[in-house]
Amino acid sequence: MNGKRARSVYCSPEEREAIARGAGAAGKSISRFLLDPALDREDGDDAAGVLTQEERVELRDGIRGLAALLEAVREAHGGGAGSEGTQA
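A. Spotlight on the overall build of the protein chain. The helix and strand tally for the protein chain stands at three helices and zero strands. Taking the intrachain contacts of the protein chain between residues at least 6 apart in sequence as the baseline, contacts between residues at least 24 apart amount to 3%. Put simply, the protein chain shows about 7300 Å² of open surface, and 54% of that area lies on carbon and sulfur atoms.

Dropping the structure here:
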């Protein structure tokens with residue numbers, strides 16, 4: 001078995017079925033379906049199991065845009081970097 005050994009994952013029967021369906025839809029074993037996104041492997045169209053690489057880049061860029069907007073709003077209101085919370 002090349003130094004590999006079995007590991008357990010605790011989940012409900014419903015979660016197990018959902019995982020099995022996802023793995024089947026992706027054409028992967030349950031192990032591969034769980035390991036690929038956990039190890040950030042990119043091995044095809046569904047690299048992360050849920051989001052494509054393009055979707056992940058779009059999400060990352062959107063978050064960066066929101067962070068820049070938040071920083072601009074904080075500075076406009078005298079908060080500056082690192083200000084936490086808001087005043088009522």
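B. Structural context of the packing of helix 1 (residues 13-26) against helix 2 (residues 30-38). Put simply, helix 1 and helix 2 touch, their axes get as near as 8 Å, and they point 90° apart. For the element pair helix 1 / helix 2, the angle class is roughly perpendicular. Contacts from Arg16, Ile19, Ala20, Gly22, Ala23 and Ala26 of helix 1 reach helix 2 at Ile30, Phe33 and Leu34.

C. Highlighting the pattern of salt bridges. For the structure shown, the criterion picks out three salt bridges. Of the charged contacts, one joins Lys28 and Asp36 as a salt bridge, the two residues approaching to 3.0 Å between their closest N and O atoms. The residues Lys28 and Asp36 share a single accessibility class, namely buried. A salt bridge links Asp61 to Arg60; its shortest N-O distance comes to 3.0 Å. Classification of Arg60 as partly exposed rests on a relative accessible area of 38%. One connected set of salt bridges, linked through shared partners, spans Lys28, Arg32 and Asp36.

D. Highlighting helix 3 (residues 53-76). Helix length check: helix 3, at 24 residues, gives a terminal C-alpha distance of 35 Å against a target of 34 Å (1.5 Å per residue), a fit within 8%. Count one or two residues on from helix 3 and you reach Gly78, which has phi positive near 75°.

E. Focus on the confidence of the model for the protein chain. Chain-level pLDDT for the protein chain is 81 on average; 80% of the residues reach the 70-or-more range. Element-level mean pLDDT values for the protein chain span from 87 in helix 2 up to 92 in helix 1.

F. Geometry of a nonpolar patch on the surface. Where nonpolar side chains cluster on the molecular surface, the patch consists of Leu66, Leu69 and Val73 and spans about 290 Å² of accessible area. Its location among the elements puts Val73 in helix 3.

Rules of the game
Within each chain, residue numbers correspond to sequence positions counted from 1 in written order. Since the coordinates come from a predicted model, pLDDT governs what is reported: local features require at least 70, and pairs of side-chain atoms require 80 or more to be given and counted, while whole-chain, interface and lining totals use all residues. As a rule here, side-chain values come from all non-hydrogen atoms in the structure, and water together with hydrogens is ignored. Helix and strand definitions follow DSSP, with helices as H or I runs of at least four residues and strands as E runs of at least two, each counted in order from the N terminus. Contacts between residues were defined by any pair of non-hydrogen atoms, one from each residue, lying within 4.5 Å. Per-residue and other accessible areas were derived by the Shrake-Rupley procedure at a 1.4 Å probe size, with only the shown protein chains allowed to occlude residues. Note on definitions: angles span 0 to 180 degrees between N-to-C directions of axes, and those axes are lines fitted to C-alpha atoms, for helices only across the stretch in contact. For classification purposes, an angle smaller than 35 degrees is called roughly parallel, one larger than 145 roughly antiparallel, one from 65 to 115 roughly perpendicular, and anything else oblique. For this document, the term salt bridge refers to a Lys or Arg side-chain nitrogen within 4 Å of an Asp or Glu carboxyl oxygen. Each residue's exposure class comes from its accessible area (1.4 Å probe, protein chains only) as a fraction of the maximum for that residue type: buried when under 20%, exposed when over 50%, partly exposed otherwise. A helix is expected to span 1.5 Å for every residue after the first. One confidence number per residue, pLDDT, is output by the predictor and ranges from 0 to 100. Residues enter a patch when their relative accessible area is above 30% and they make no salt bridge; the linking distance is 9 Å between like charges and 5 Å between nonpolar side chains (Val, Leu, Ile, Met, Phe, Trp, Tyr).

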